[in-house]
Amino acid sequence: MAARAIWRAVLRVGSASVPVKLYAAVQDRTVHFDLLEARTLARIKQQMTDPGTGEEVPTAAVRKGYEVEPGTFVVLSDAELASLDPEPSREIRISRFLPIGQINHQWYERPYYLGPDGDEVAYFALAGALGSREREGLAHWVMRKRQCHGALRVHDGRLVLIALRNVEEVLAAGELPAVRGRPLDPKELELARQLVATLEGEFRPGDFRDEYRARVQELVAAKARHERPRLRPVKTRRPPRSLLDTLARSVESARQRRGAARG
Amino acid sequence: VAESEVSEPAAPRPFWSGTITFGLVSVPVNLFPASRAGRASLRMLGPDGVPLARRYVSAETGRPLGPEDLVRGAEIDGGQYVPVTDDELERLAPEKSRDIDLRRFVDAAAVPPLAFERAYFLVPAGTSSRAYQLLAAVMERSRKAGIATFVMRGKEYLVAILAERGILRAETLRFADEIRSPADVGLPDPVKVPAAALRRFQKLIDEHAADALPREELRDQRTEALARLVERKRARNEDVIRTDASADTGRAEVIDIMSVLKRRLAATARDAGAGRRRQTGPERPGRAPRAAGDLERLSRAALYDRAKALGLPGRSAMTKTELIRAIREVA
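Attention in this report is confined to the structure presented alongside it.

**Some points on the nonpolar core**
So, point 1. Judged by nonpolar contacts, the single largest core of 68 residues is most densely connected at A:Leu11 and A:Ile92.
So, point 2. Here this core gets 8 residues from one element, more than from any other, and that element is helix 2 (residues 120–133) of chain A.
So, point 3. Residues A:Leu243, B:Leu122, B:Leu298 and B:Leu312 belong to the second largest nonpolar core, which totals 66 residues.

Here it is in structure tokens:
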């Protein structure tokens with residue numbers, strides 16, 4: 001079943017325009033809990049209160065303030081806050097194209113699919129061109145009164161737009177000092193390389209399942225049927241050895257496992 | 001605005017401490033979030049400027065509710081709720097494992113971009129950073145990512161371990177059933193496009209090509225505009241309210257994770273260089289921090305702000321007690 005588009009926009013790349021629709025690329029499957037009143041199992045309400053008097057302050061009387069130093073606030077009116085909103089726009093502007101990898105995953109916040117909104121040729125031409133150049137676009141747009149930044153990429157032959165975090169939120173790996181120590185032993189390095197090689201494989205996301213989520217879902221379902229749920233635990237750990245010896249044993253056992261799996 | 005005027009920050013504890021294993025090799029590590037809260041938050045004030053507190057009340061009677069009056073519930077059909085206790089959830093949680101077991105190494109580029117959720121830096125713990133360096137070097141040279149599942153804060157995560165500039169990073173990944181396919185969304189199959197159309201876009205890409213990410217393009221312009229507006233009004237002494245009551249957002253103790261990371265990584269280099277052996281071991285989270293009693297005195301809203309500043313996941317669903325526990329584990 002086709003998903004509903006969240007938003008319609010026009011990708012602007014220099015002189016070219018590509019009309020697109022935006023779709024959520026992820027679906028949240030977390031089991032959500034609401035806070036309930038234990039006695040009634042009904043949802044609760046929240047109130048703003050004056051902590052001094054314990055009295056409720058009605059929403060209309062609540063003011064918003066920015067704390068500039070402890071206990072000192074600058075009060076901002078709704079009109080002043082609204083004046084900070086960016087101009088609404090339907091344009092997703094691509095400012096430049098970067099080699100894939102220049103925007104590392106630390107920046108990634110939330111992915112969206114873009115689908116063609118009419119002009120399929122322009123849409124797939126842009127996707128094809130991005131793919132052939134191995135680049136991604138740096139995108140800027142305004143959605144729901146927010147200035148957003150994103151990476152325009154190709155995934156599975158289609159365009160995806162990955163909303164990025166702001167620069168203030170991302171710790172720059174480039175500013176961190178390198179981990180240093182004694183120079184690496186070539187023998188160890190070679191064994192480590194071999195070990196990684198024996199453990200190499202395809203990325204098959206379907207091999208991994210969120211067991212905890214499944215258990216929470218089971219619990220909720222069982223309780224909904226008034227059954228007593230089964231609660232089960234899990235795990236282990238291992239002792240340290242000398243690094244070189246451990247590497248050698250690891251390569252050996254990984255090869256044996258691989259051999260056994262093949263045979 | 002004035003957020004740099006902080007007192008001596010509390011030394012942050014790692015978010016998680018444990019061991020990366022590949023084969024039989026163990027690499028003890030501490031994990032720190034690679035992002036922090038950026039957005040400045042506004043406080044709710046009363047008519048006279050007093051910072052307000054949030055309170056839960058019964059929808060039925062309007063009576064204020066304390067922690068003992070609350071229970072968590074999952075909604076089933078028709079607005080019916082199944083209550084679930086903390087104890088039940090704790091018993092379901094996978095047993096605290098301290099291992100990230102890398103059983104498979106894949107091409108780093110093969111992990112789909114849609115899967116990446118959140119990044120953490122891994123910093124070597126324990127007496128030697130040799131195994132850490134070895135793993136980072138091999139992964140970086142071969143452009144591989146190690147894939148594993150691991151347990152953090154009672155939740156299981158799928159994670160890709162990547163190496164960049166000799167530093168290991170853990171990227172939590174969305175599980176396969178959380179990611180939609182183009183078919184799920186209903187996107188059309190690719191169509192053949194005329195060569196001229198393709199060339200036109202290739203030319204545009206070439207014209208707008210750049211080599212490095214211009215970080216300044218990713219600024220939070222709204223927060224900056226807000227800060228400017230606040231400063232203007234403050235300079236004119238307009239709508240400035242001084243109260244005895246601080247909103248107690250915990251801002252003064254917001255931890256600069258960056259400086260902590262720098263200190264810790266630099267420490268590994270010094271230790272290795274001097275050949276000193278210091279028995280540090282992976283740190284244990286879960287102990288009470290400095291000024292242990294302070295957190296109990298804060299409101300849930302203040303604790304929530306603090307959890308937000310620390311980037312604690314799942315904070316919005318946490319009760320006051322849970323927030324205190326989660327903050328204690330890191331701060």
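**Considering the interface of chain B and chain A**
When the parts of a complex come together, some accessible area is lost, and that lost area is often used as the size of the interface.
So, point 1. On the side of chain A, 162 residues touch chain B, which itself brings 172 residues to the contact.
So, point 2. Interface area for chain B against chain A, summed over the two sides, is near 15900 Å², with a carbon-plus-sulfur share of 62%.
So, point 3. One can count 13 salt bridges joining chain B with chain A.
So, point 4. Between A:Arg39 and B:Glu60 there is a salt bridge, with its nearest N and O atoms 3.4 Å apart.
So, point 5. Along the contact surface separating chain B from chain A lie 57 residue pairs in polar contact (both at pLDDT 80 or more).
So, point 6. Residues of the side of chain B that touches chain A, tallied by class, amount to 92 nonpolar, 27 polar and 53 charged.

**Details of the layout of surface pockets**
So, point 1. The calculated volume of the second largest pocket comes to roughly 1200 Å³.
So, point 2. Listed by contribution, the elements that provide at least two residues to the lining of the second largest pocket are helix 2 and strand 11 (146–155) of chain A together with helix 2 (130–142) and strand 11 (155–164) of chain B.
So, point 3. Across the lining of the second largest pocket, the residue classes tally to 20 nonpolar, 8 polar and 11 charged.

**Digging into the pattern of salt bridges**
So, point 1. Taken as a whole and judged by the stated rule, the model has 35 salt bridges over all chains.
So, point 2. With its nearest N and O atoms 3.7 Å apart, the salt bridge here joins A:Arg43 to A:Asp34.
So, point 3. Here B:Arg169 and B:Glu171 are joined by a salt bridge, their closest N and O atoms 2.8 Å apart. The two residues B:Arg169 and B:Glu171 agree in class, both being buried.
So, point 4. Among the charged side chains, a salt-bridge network with shared partners connects A:Asp210, A:Arg213, B:Asp177 and B:Glu178.

**Things to note about the sheet that holds strand 3 (residues 43–45) of chain B**
So, point 1. Taken in spatial order, the 4 strands make up an open sheet running 3(B)-6(A)-7(A)-13(B), and their pairing is antiparallel. Edge positions in the sheet fall to strand 3 and strand 13 (240–242) of chain B, since each has one partner strand and no second. Along the sheet, successive strands turn relative to each other by an average axial angle of 45°, direction set aside.
So, point 2. In the sheet, strand 6 (residues 63–69) of chain A pairs with strand 3 of chain B via 3 bridges, with the strands oriented antiparallel. Within the sheet, the bridge partner assigned to A:Lys64 lies in strand 3 of chain B and is B:Met44.
So, point 3. This element, helix 5 (residues 221–235) of chain B, spans strand 6 and strand 7 (72–76) of chain A together with strand 13 of chain B of the sheet and lies at about 110° to strand 7 of chain A.

The rules we used
Residues numbered from 1 in each chain as written. Chains lettered and ligands numbered in written order. Predicted model: local features only at pLDDT ≥ 70, side-chain atom pairs only at ≥ 80, totals over all residues. Heavy atoms only, no water. Core = buried A, V, L, I, M, F, W, Y, C linked by side-chain atoms within 4.5 Å. Buried < 20%, exposed > 50% of the residue type's maximum accessible area, 1.4 Å probe, protein only. Helix = DSSP H or I, 4+ residues; strand = E, 2+ residues; numbered from the N terminus. Contact = heavy atoms within 4.5 Å. Buried area = accessible area lost by both parts, 1.4 Å probe. Salt bridge = Lys/Arg side-chain N within 4 Å of Asp/Glu carboxyl O. Polar contact = N/O pair within 3.5 Å; in protein donor to acceptor, adjacent residues only side chain to side chain. Nonpolar A, V, L, I, M, F, W, Y, C, P; charged D, E, K, R; others polar. 1 Å grid on protein atoms, 1.4 Å probe; cavity = no way out; pocket = protein on both sides within 12 Å on 5 of 7 lines; lining within 4 Å. Points joined across faces, edges and corners; volume = space filled by probe spheres on them. Pairing = 2+ DSSP bridges. Axes fitted to C-alpha atoms, helices over the stretch in contact; angles between N-to-C directions.

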